Amino acid sequence: MTAAEQNPAPEAAPEPVLREDRIDFAPTADRVSFSRRRTARLVREWGYPGLAGDAALPVSELATNALLHGVVRGRLLRVRLALTATTLRVAVSDPWGERLPVLREATSEECYGRGLLIVAAIADRWGVESRTVGKTVFAELALRRGPDAPVGPRELRAGPPHAPTAGTVTPR
């Protein structure tokens, strides 16, 4: 056994969270659009307007997946945003840990099944974490400032409740 095997390198300490938001809500369809708008607004307020749409879309997809596949009667869903110096992490937790998300390609005849593909296309990293009760599905977006920051047609703008979202999202 070598010295490196006896004394493995310590894991890097997690970055300190600079800003955080968490909201628990009843699993209803209107809460998905509320979470999307709230995410876009907070990310803009936190100084990353070009990232607002890229953050809102995974929240919408993950919250929809939680609503469709993770609901347990009487239990809430949770949306959490955490901003560090280099990353924005969006996470949705649901109480059903037995049903883990699977990245798959939907056929052209299917109406559903593309949410995680969208998340994977937008996020720099995504995954699933077990909880004592349930699971958390997260997406992490690297923070960029300056000329390479996503802006323009990629940004989704939050509107009033029940209003259509302006702007478009184009794949990277």
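Everything numeric here is computed off the predicted structure, so don't read it as measured data.

Cut-offs and rules
Residues numbered from 1 in each chain as written. Predicted model: local features only at pLDDT ≥ 70, side-chain atom pairs only at ≥ 80, totals over all residues. Heavy atoms only, no water. Pairing = 2+ DSSP bridges. Helix = DSSP H or I, 4+ residues; strand = E, 2+ residues; numbered from the N terminus. Axes fitted to C-alpha atoms, helices over the stretch in contact; angles between N-to-C directions. Buried < 20%, exposed > 50% of the residue type's maximum accessible area, 1.4 Å probe, protein only. Contact = heavy atoms within 4.5 Å.

Caption draft 1: Structural detail: the sheet that holds strand β5 (residues 135-142). Here we have five strands laid out as an open sheet, ordered β1-β2-β3-β5-β4, and antiparallel in their pairing. Of all the strands in the sheet, the pair left with one neighbour each is β1 (19-25) and β4 (125-130). Within the sheet, the average angular offset between the axes of one strand and its neighbour, ignoring direction, is 15 degrees. Bridging between β4 and β5 involves six bridges; their strand directions are antiparallel.

Caption draft 2: Up close: the side chain of Asp21. Among the secondary structure elements, Asp21 is positioned in strand β1. By relative accessible area, Asp21 is classed as buried at 13%. Leaving out residues up to four positions away in the same chain, Asp21 has contacts with Arg38, Leu42, Trp46, Val79, Arg80 and Leu81.

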